[in-house]
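Listed below, chain by chain, are the residues.
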Amino acid sequence: MPLLEKSKIESIPLKSRPRKSRGWLITSLCLITALTVAVVTLSVNVVMRSKEYQQQFSLQAQTLSDLQQQLAALQTQQQTDAARLEEQDKTIAAQQATLAERDKQIRDLQTQIALLEGQEALNKMILAQLSGNVTADSKLVALTFDDGPGPYTAQLLDAMKQRGIPGTFFVLGQKVDQYPALIQRMAAEGHVVGNHSYGHQNLKKLSPEGIRSEMDACSARIEQLIGHQPLVMRCPGGNYNDAVKAYAAEAKMPIIQWDVDTRDWESRDVNAILTTTFEGRYRVQDGSIVLMHDIYGTTLEASIQMMDRLLLEGYTFVTVPQLLALRGGIRSGEVYTAAYKMPAEGTPQ
Ligand code: NI
(Lines give C-alpha, C1' and ligand atoms only; values in the text may rest on other atoms or scores of the structure.)
Protein backbone atom coordinates (compact mmCIF):
# COMPACT_ATOMS: atom_id res chain seq x y z
CA MET A 1 0.00 0.00 0.00
CA PRO A 2 2.56 2.55 0.76
CA LEU A 3 3.73 2.07 -2.76
CA LEU A 4 0.45 2.88 -3.98
CA GLU A 5 0.47 5.93 -1.81
CA LYS A 6 3.72 6.91 -3.13
CA SER A 7 2.50 6.39 -6.61
CA LYS A 8 -0.49 8.49 -5.86
CA ILE A 9 1.63 11.27 -4.70
CA GLU A 10 3.72 11.19 -7.78
CA SER A 11 0.67 11.08 -9.95
CA ILE A 12 -0.58 14.35 -8.66
CA PRO A 13 -0.87 16.53 -11.71
CA LEU A 14 1.26 19.52 -12.08
CA LYS A 15 -1.76 21.56 -11.51
CA SER A 16 -1.07 21.26 -7.94
CA ARG A 17 2.25 23.35 -8.40
CA PRO A 18 1.24 26.57 -10.37
CA ARG A 19 1.11 28.75 -7.23
CA LYS A 20 4.79 29.37 -7.55
CA SER A 21 4.73 30.02 -11.44
CA ARG A 22 1.85 32.47 -11.30
CA GLY A 23 3.65 34.67 -8.83
CA TRP A 24 6.61 34.91 -11.06
CA LEU A 25 4.43 35.79 -13.99
CA ILE A 26 2.66 38.52 -12.14
CA THR A 27 5.95 39.92 -11.02
CA SER A 28 7.20 39.86 -14.56
CA LEU A 29 4.10 41.51 -15.85
CA CYS A 30 4.36 44.15 -13.26
CA LEU A 31 7.94 44.78 -14.14
CA ILE A 32 7.18 44.93 -17.83
CA THR A 33 4.31 47.31 -17.18
CA ALA A 34 6.45 49.48 -14.99
CA LEU A 35 9.19 49.50 -17.57
CA THR A 36 6.73 50.27 -20.30
CA VAL A 37 5.27 53.11 -18.25
CA ALA A 38 8.73 54.39 -17.55
CA VAL A 39 9.74 54.20 -21.19
CA VAL A 40 6.52 55.82 -22.32
CA THR A 41 6.85 58.53 -19.71
CA LEU A 42 10.44 59.11 -20.73
CA SER A 43 9.48 59.17 -24.38
CA VAL A 44 6.71 61.63 -23.74
CA ASN A 45 9.12 63.73 -21.71
CA VAL A 46 11.72 63.61 -24.45
CA VAL A 47 9.15 64.52 -27.07
CA MET A 48 7.85 67.34 -24.96
CA ARG A 49 11.33 68.62 -24.16
CA SER A 50 12.20 68.31 -27.81
CA LYS A 51 9.16 70.38 -28.72
CA GLU A 52 10.13 72.94 -26.12
CA TYR A 53 13.63 73.15 -27.58
CA GLN A 54 12.25 73.35 -31.06
CA GLN A 55 10.01 76.20 -30.03
CA GLN A 56 12.88 77.85 -28.21
CA PHE A 57 15.23 77.40 -31.17
CA SER A 58 12.59 78.64 -33.57
CA LEU A 59 12.13 81.68 -31.35
CA GLN A 60 15.88 82.28 -31.27
CA ALA A 61 16.09 81.87 -35.04
CA GLN A 62 13.28 84.38 -35.39
CA THR A 63 15.02 86.77 -33.02
CA LEU A 64 18.28 86.33 -34.94
CA SER A 65 16.51 86.98 -38.20
CA ASP A 66 14.83 90.05 -36.70
CA LEU A 67 18.12 91.36 -35.40
CA GLN A 68 19.81 90.76 -38.76
CA GLN A 69 17.03 92.70 -40.43
CA GLN A 70 17.40 95.51 -37.89
CA LEU A 71 21.16 95.56 -38.46
CA ALA A 72 20.69 95.69 -42.21
CA ALA A 73 18.17 98.50 -41.81
CA LEU A 74 20.52 100.39 -39.51
CA GLN A 75 23.42 99.93 -41.93
CA THR A 76 21.29 101.24 -44.77
CA GLN A 77 20.21 104.17 -42.60
CA GLN A 78 23.82 104.84 -41.68
CA GLN A 79 24.87 104.87 -45.32
CA THR A 80 22.03 107.23 -46.12
CA ASP A 81 22.99 109.47 -43.20
CA ALA A 82 26.65 109.41 -44.25
CA ALA A 83 25.72 110.37 -47.78
CA ARG A 84 23.48 113.14 -46.46
CA LEU A 85 26.23 114.41 -44.14
CA GLU A 86 28.67 114.38 -47.02
CA GLU A 87 26.18 116.39 -49.04
CA GLN A 88 25.72 118.80 -46.14
CA ASP A 89 29.50 119.13 -45.78
CA LYS A 90 29.71 120.03 -49.45
CA THR A 91 26.93 122.59 -49.02
CA ILE A 92 28.63 124.06 -45.95
CA ALA A 93 31.96 124.23 -47.78
CA ALA A 94 30.26 125.95 -50.70
CA GLN A 95 28.55 128.42 -48.35
CA GLN A 96 31.84 129.12 -46.57
CA ALA A 97 33.49 129.79 -49.92
CA THR A 98 30.66 132.18 -50.78
CA LEU A 99 31.03 133.91 -47.42
CA ALA A 100 34.79 134.23 -47.88
CA GLU A 101 34.22 135.67 -51.34
CA ARG A 102 31.73 138.19 -49.91
CA ASP A 103 34.16 139.11 -47.13
CA LYS A 104 36.81 139.79 -49.76
CA GLN A 105 34.35 141.87 -51.79
CA ILE A 106 33.46 143.86 -48.65
CA ARG A 107 37.12 144.45 -47.84
CA ASP A 108 37.83 145.47 -51.43
CA LEU A 109 34.93 147.90 -51.36
CA GLN A 110 36.02 149.31 -48.01
CA THR A 111 39.51 149.79 -49.41
CA GLN A 112 38.10 151.48 -52.49
CA ILE A 113 35.89 153.71 -50.35
CA ALA A 114 38.80 154.62 -48.08
CA LEU A 115 40.93 155.41 -51.13
CA LEU A 116 38.16 157.50 -52.69
CA GLU A 117 37.52 159.31 -49.40
CA GLY A 118 41.25 160.01 -49.15
CA GLN A 119 41.26 161.15 -52.77
CA GLU A 120 38.24 163.39 -52.12
CA ALA A 121 40.02 165.09 -49.22
CA LEU A 122 43.15 165.41 -51.34
CA ASN A 123 41.16 166.84 -54.25
CA LYS A 124 39.76 169.54 -51.95
CA MET A 125 43.27 170.50 -50.87
CA ILE A 126 44.49 170.49 -54.46
CA LEU A 127 41.64 172.85 -55.38
CA ALA A 128 42.64 175.09 -52.46
CA GLN A 129 46.26 174.97 -53.67
CA LEU A 130 45.15 175.78 -57.22
CA SER A 131 43.03 178.70 -56.02
CA GLY A 132 46.35 180.34 -55.10
CA ASN A 133 44.99 182.05 -52.03
CA VAL A 134 48.35 182.34 -50.22
CA THR A 135 49.21 184.66 -47.37
CA ALA A 136 52.02 184.88 -44.81
CA ASP A 137 49.63 183.16 -42.39
CA SER A 138 49.21 180.17 -44.66
CA LYS A 139 50.93 176.98 -43.62
CA LEU A 140 53.77 177.18 -46.14
CA VAL A 141 56.30 174.72 -47.47
CA ALA A 142 58.83 174.97 -50.30
CA LEU A 143 60.00 171.78 -52.02
CA THR A 144 63.41 172.02 -53.65
CA PHE A 145 65.02 169.59 -56.06
CA ASP A 146 68.78 169.60 -56.75
CA ASP A 147 71.23 168.14 -59.27
CA GLY A 148 68.75 167.74 -62.13
CA PRO A 149 67.10 167.71 -64.46
CA GLY A 150 67.23 163.93 -64.83
CA PRO A 151 65.28 161.02 -66.24
CA TYR A 152 62.56 161.33 -63.54
CA THR A 153 62.07 165.08 -63.72
CA ALA A 154 59.34 164.99 -66.38
CA GLN A 155 57.24 162.60 -64.28
CA LEU A 156 57.79 164.78 -61.23
CA LEU A 157 56.63 167.83 -63.20
CA ASP A 158 53.52 165.86 -64.28
CA ALA A 159 52.70 165.02 -60.65
CA MET A 160 53.24 168.62 -59.52
CA LYS A 161 51.09 169.93 -62.37
CA GLN A 162 48.25 167.57 -61.41
CA ARG A 163 48.31 168.98 -57.88
CA GLY A 164 48.93 172.61 -58.74
CA ILE A 165 52.17 172.51 -56.75
CA PRO A 166 55.05 174.81 -57.63
CA GLY A 167 58.62 173.93 -56.68
CA THR A 168 62.16 175.21 -56.90
CA PHE A 169 64.66 173.35 -59.05
CA PHE A 170 68.34 174.00 -58.40
CA VAL A 171 69.74 172.71 -61.66
CA LEU A 172 73.27 171.94 -62.81
CA GLY A 173 74.55 173.70 -65.93
CA GLN A 174 75.74 170.42 -67.42
CA LYS A 175 72.27 168.88 -66.96
CA VAL A 176 70.65 171.94 -68.49
CA ASP A 177 72.60 171.10 -71.63
CA GLN A 178 71.09 167.59 -71.57
CA TYR A 179 67.49 168.58 -70.78
CA PRO A 180 66.92 172.10 -72.13
CA ALA A 181 63.20 171.47 -72.80
CA LEU A 182 62.60 170.55 -69.17
CA ILE A 183 64.06 173.89 -68.01
CA GLN A 184 61.61 175.68 -70.27
CA ARG A 185 58.76 173.51 -69.06
CA MET A 186 59.64 174.27 -65.40
CA ALA A 187 59.43 177.99 -66.03
CA ALA A 188 56.25 177.65 -68.10
CA GLU A 189 54.53 175.68 -65.32
CA GLY A 190 55.28 178.16 -62.56
CA HIS A 191 58.38 176.61 -61.02
CA VAL A 192 61.50 178.52 -60.13
CA VAL A 193 64.75 177.49 -61.78
CA GLY A 194 67.68 178.13 -59.44
CA ASN A 195 71.42 177.92 -59.98
CA HIS A 196 73.29 174.93 -58.52
CA SER A 197 76.57 175.63 -60.42
CA TYR A 198 77.71 174.12 -63.67
CA GLY A 199 79.53 170.94 -62.57
CA HIS A 200 78.77 170.54 -58.83
CA GLN A 201 82.20 171.50 -57.53
CA ASN A 202 82.79 172.43 -53.88
CA LEU A 203 82.72 176.22 -54.13
CA LYS A 204 84.67 176.60 -50.88
CA LYS A 205 87.67 175.11 -52.65
CA LEU A 206 87.50 177.50 -55.60
CA SER A 207 88.97 180.96 -56.04
CA PRO A 208 86.57 183.89 -56.45
CA GLU A 209 87.17 183.59 -60.20
CA GLY A 210 86.50 179.87 -60.06
CA ILE A 211 83.26 180.49 -58.16
CA ARG A 212 82.17 183.07 -60.70
CA SER A 213 83.04 180.81 -63.60
CA GLU A 214 81.11 177.83 -62.19
CA MET A 215 78.05 179.84 -61.25
CA ASP A 216 77.90 182.14 -64.27
CA ALA A 217 78.15 179.19 -66.66
CA CYS A 218 74.91 177.83 -65.21
CA SER A 219 73.13 181.20 -65.00
CA ALA A 220 73.91 181.93 -68.66
CA ARG A 221 72.33 178.66 -69.78
CA ILE A 222 69.23 179.24 -67.67
CA GLU A 223 68.85 182.77 -68.96
CA GLN A 224 69.20 181.56 -72.50
CA LEU A 225 66.29 179.16 -72.00
CA ILE A 226 63.85 181.09 -69.78
CA GLY A 227 64.72 184.66 -70.63
CA HIS A 228 66.04 185.85 -67.29
CA GLN A 229 68.82 185.21 -64.79
CA PRO A 230 68.02 182.79 -61.96
CA LEU A 231 66.61 184.43 -58.82
CA VAL A 232 68.14 182.03 -56.28
CA MET A 233 71.23 179.86 -55.93
CA ARG A 234 72.23 176.85 -53.87
CA CYS A 235 75.84 175.80 -53.36
CA PRO A 236 76.84 172.21 -54.22
CA GLY A 237 76.81 170.27 -50.94
CA GLY A 238 75.60 173.42 -49.21
CA ASN A 239 79.21 174.58 -49.02
CA TYR A 240 79.67 178.33 -48.96
CA ASN A 241 82.06 180.90 -47.48
CA ASP A 242 82.45 184.64 -47.59
CA ALA A 243 83.72 184.55 -51.17
CA VAL A 244 80.59 182.68 -52.23
CA LYS A 245 78.39 185.14 -50.32
CA ALA A 246 80.19 188.00 -52.02
CA TYR A 247 79.54 186.44 -55.41
CA ALA A 248 75.85 185.89 -54.48
CA ALA A 249 75.43 189.53 -53.48
CA GLU A 250 77.03 190.65 -56.70
CA ALA A 251 74.96 188.23 -58.81
CA LYS A 252 71.80 189.39 -56.99
CA MET A 253 70.90 185.99 -55.59
CA PRO A 254 70.27 184.78 -52.03
CA ILE A 255 71.97 181.53 -51.02
CA ILE A 256 69.30 178.96 -50.26
CA GLN A 257 70.00 176.18 -47.78
CA TRP A 258 67.35 173.94 -46.20
CA ASP A 259 65.96 172.92 -42.85
CA VAL A 260 64.56 169.50 -43.88
CA ASP A 261 67.21 167.18 -45.29
CA THR A 262 65.42 164.09 -46.65
CA ARG A 263 68.77 162.26 -47.20
CA ASP A 264 67.11 160.85 -50.34
CA TRP A 265 70.46 160.46 -52.14
CA GLU A 266 71.70 158.37 -49.21
CA SER A 267 68.77 156.05 -48.39
CA ARG A 268 67.27 155.72 -51.88
CA ASP A 269 64.25 154.39 -49.95
CA VAL A 270 60.74 155.81 -50.20
CA ASN A 271 59.73 155.02 -46.61
CA ALA A 272 63.00 156.28 -45.18
CA ILE A 273 62.62 159.56 -47.11
CA LEU A 274 59.06 160.01 -45.81
CA THR A 275 60.02 159.07 -42.25
CA THR A 276 62.91 161.55 -42.26
CA THR A 277 60.64 164.25 -43.64
CA PHE A 278 57.67 163.76 -41.33
CA GLU A 279 59.17 162.21 -38.20
CA GLY A 280 62.86 163.10 -38.23
CA ARG A 281 64.53 165.44 -35.75
CA TYR A 282 64.34 168.23 -38.32
CA ARG A 283 60.91 167.39 -39.66
CA VAL A 284 58.81 169.52 -41.95
CA GLN A 285 56.94 172.46 -40.43
CA ASP A 286 55.35 175.71 -41.48
CA GLY A 287 58.03 177.67 -43.38
CA SER A 288 60.25 174.67 -44.15
CA ILE A 289 62.52 174.32 -47.15
CA VAL A 290 62.73 170.62 -48.06
CA LEU A 291 65.81 169.28 -49.85
CA MET A 292 65.46 166.47 -52.43
CA HIS A 293 67.16 165.36 -55.65
CA ASP A 294 65.06 164.71 -58.75
CA ILE A 295 67.55 162.23 -60.17
CA TYR A 296 66.33 159.12 -58.33
CA GLY A 297 63.23 156.99 -58.95
CA THR A 298 62.77 156.60 -55.19
CA THR A 299 62.75 160.38 -54.78
CA LEU A 300 60.10 160.68 -57.49
CA GLU A 301 57.85 158.17 -55.67
CA ALA A 302 58.57 159.64 -52.24
CA SER A 303 58.01 163.23 -53.37
CA ILE A 304 54.60 162.33 -54.81
CA GLN A 305 53.53 160.70 -51.52
CA MET A 306 55.07 163.63 -49.64
CA MET A 307 53.09 166.18 -51.66
CA ASP A 308 49.81 164.37 -51.03
CA ARG A 309 50.50 164.06 -47.31
CA LEU A 310 51.53 167.71 -47.03
CA LEU A 311 48.39 168.72 -48.92
CA LEU A 312 46.24 166.70 -46.51
CA GLU A 313 48.06 168.33 -43.58
CA GLY A 314 46.95 171.69 -44.93
CA TYR A 315 50.22 172.96 -46.38
CA THR A 316 50.27 175.46 -49.20
CA PHE A 317 53.16 174.95 -51.59
CA VAL A 318 55.23 177.91 -52.66
CA THR A 319 58.52 178.48 -54.45
CA VAL A 320 61.50 179.58 -52.39
CA PRO A 321 61.32 183.23 -53.55
CA GLN A 322 57.57 183.27 -52.72
CA LEU A 323 58.25 181.76 -49.28
CA LEU A 324 60.94 184.28 -48.44
CA ALA A 325 58.93 187.19 -49.84
CA LEU A 326 55.92 186.21 -47.73
CA ARG A 327 57.97 185.76 -44.56
CA GLY A 328 60.19 188.76 -44.07
CA GLY A 329 61.70 189.50 -47.44
CA ILE A 330 64.56 188.31 -49.60
CA ARG A 331 68.04 189.85 -49.87
CA SER A 332 70.88 188.99 -52.20
CA GLY A 333 73.99 187.48 -50.63
CA GLU A 334 72.01 186.35 -47.54
CA VAL A 335 71.76 182.71 -46.51
CA TYR A 336 68.31 181.25 -45.84
CA THR A 337 67.52 177.86 -44.38
CA ALA A 338 63.81 178.28 -43.76
CA ALA A 339 61.15 180.96 -43.28
CA TYR A 340 59.30 180.15 -40.09
CA LYS A 341 56.54 182.44 -38.93
CA MET A 342 57.58 185.53 -37.00
CA PRO A 343 57.03 185.03 -33.25
CA ALA A 344 54.68 187.42 -31.46
CA GLU A 345 57.57 189.61 -30.22
CA GLY A 346 58.57 190.33 -33.79
CA THR A 347 61.98 188.66 -33.67
CA PRO A 348 62.70 186.51 -36.73
CA GLN A 349 63.52 182.87 -35.91
NI1 NI B 1 73.82 169.08 -55.25
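Okay, so let's go over this structure. (Residues numbered from 1 in each chain as written. Predicted model: local features only at pLDDT ≥ 70, side-chain atom pairs only at ≥ 80, totals over all residues. Heavy atoms only, no water.)

1. So, unusual backbone geometry
(1) Moving on: The residue after Gly 148, namely Pro 149, is reached through a cis peptide bond having omega 0°.
(2) Moving on: For Pro 149, the position within the fold is in the loop between strand S1 (140–146) and helix H3 (153–163).
(3) Moving on: Positioned with a positive phi, Arg 268 is a non-glycine residue whose angle comes to about 45°.
(4) Moving on: Within the fold, Arg 268 resides in the loop between helix H8 (264–267) and helix H9 (270–279).
(5) Moving on: The class for Arg 268 is partly exposed, based on a relative accessible area of 45%. (Helix = DSSP H or I, 4+ residues; strand = E, 2+ residues; numbered from the N terminus. Buried < 20%, exposed > 50% of the residue type's maximum accessible area, 1.4 Å probe, protein only.)

2. Let's talk about the coordination of the nickel ion
Each pair of donors in an ideal octahedron of six around a metal sits at 90 or 180 degrees, and each pair in an ideal tetrahedron of four sits at 109.5 degrees.
(1) Moving on: Taken together, the protein ligands of the nickel ion are Asp 147 (OD), His 196 (NE2) and His 200 (NE2), with distances of 2.1 to 2.2 Å.
(2) Moving on: Spacing between the donor residues of the nickel ion along the chain follows D-x48-H-x3-H. Within this pair, whereas Asp 147 is found in the loop between S1 and H3, its partner His 196 is found in the loop between strand S3 (192–195) and helix H6 (208–226), the two being separated by 49 residues in sequence.
(3) Moving on: On the accessibility criterion, Asp 147 (11% relative accessible area) is buried. (Donors = N, O, S within 2.8 Å, 3.2 Å for Na, K, Ca; no water.)

3. Overview of the pattern of salt bridges
(1) Moving on: Per the counting criterion, the structure on display carries 14 salt bridges.
(2) Moving on: Salt-bridge contacts for Arg 221 lead to Asp 177; the nearest nitrogen and oxygen are separated by 2.9 Å. Of this pair, Arg 221 sits in helix H6 while Asp 177 sits in helix H4 (residues 173–178), and the two are 44 residues apart along the sequence.
(3) Moving on: Judged by relative accessible area, which is 24%, Arg 221 ranks as partly exposed.
(4) Moving on: When the shortest N-O distance is used, the salt bridge between Lys 341 and Asp 286 registers 2.8 Å. Of this pair, Lys 341 sits in the segment after strand S8 (335–336) while Asp 286 is found in the loop between H9 and strand S6 (288–293), placing the two residues 55 residues apart along the sequence.
(5) Moving on: Three or more residues are tied together by salt bridges with common partners; here these are Asp 158, Lys 161, Arg 185 and Glu 189. (Salt bridge = Lys/Arg side-chain N within 4 Å of Asp/Glu carboxyl O.)

4. So, the nonpolar core
(1) Moving on: Leu 143, Val 171, Met 306 and Leu 310 are the most contacted members of the largest nonpolar core, which totals 36 residues.
(2) Moving on: Counting residues per element, this core draws most heavily on helix H10 (residues 297–312), at six residues.
(3) Moving on: Those residues within four positions of Leu 143 in sequence are excluded, and the remaining contacts are Gly 167, Thr 168, Val 290, Met 292, Met 306, Met 307, Leu 310, Phe 317 and Val 318.
(4) Moving on: Core analysis: the next-biggest nonpolar cluster, separate from the first, contains 13 residues, Ala 142, Val 192, Val 232 and Val 318 among them. (Core = buried A, V, L, I, M, F, W, Y, C linked by side-chain atoms within 4.5 Å. Contact = heavy atoms within 4.5 Å.)

5. Here's the deal with the side chain of His 293
(1) Moving on: If you trace the backbone, His 293 turns up in strand S6.
(2) Moving on: Discounting residues that sit within four places of it in the chain, His 293 has contacts with Asp 146, Asp 147, Asp 264, Trp 265 and Thr 299.

6. Some thoughts on the side chain of Arg 234
(1) Moving on: By the element assignment, Arg 234 lies in the loop between H6 and helix H7 (242–250).
(2) Moving on: A distance of 3.0 Å separates the side chain of Arg 234 from the backbone oxygen of Ile 256, its partner in a polar contact.
(3) Moving on: A polar contact of 2.9 Å, which involves the side chain of Arg 234, links it to the backbone oxygen of Gln 257.
(4) Moving on: Arg 234 has contacts with Thr 144, Asp 146, Phe 170, Asn 195, His 196, Ile 256, Gln 257, Trp 258, Ile 289 and Leu 291, leaving out every residue within four places of it along the chain. (Polar contact = N/O pair within 3.5 Å; in protein donor to acceptor, adjacent residues only side chain to side chain.)

7. Describing the packing of H6 against H7
(1) Moving on: As a packed pair, H6 and H7 sit with axes 10 Å apart at the nearest point and diverge in direction by 45°. Considering the angle they form, H6 stands oblique to H7. Between H6 and H7 lies a crossing of right-handed hand. Residue-level inspection shows Ile 211, Arg 212, Met 215 and Asp 216 of H6 in contact with H7, the latter providing Ala 243, Val 244, Tyr 247 and Glu 250. (Axes fitted to C-alpha atoms, helices over the stretch in contact; angles between N-to-C directions. Parallel < 35°, antiparallel > 145°, perpendicular 65-115°, else oblique. Left-handed = near helix turned anticlockwise from the far one by under 90°.)

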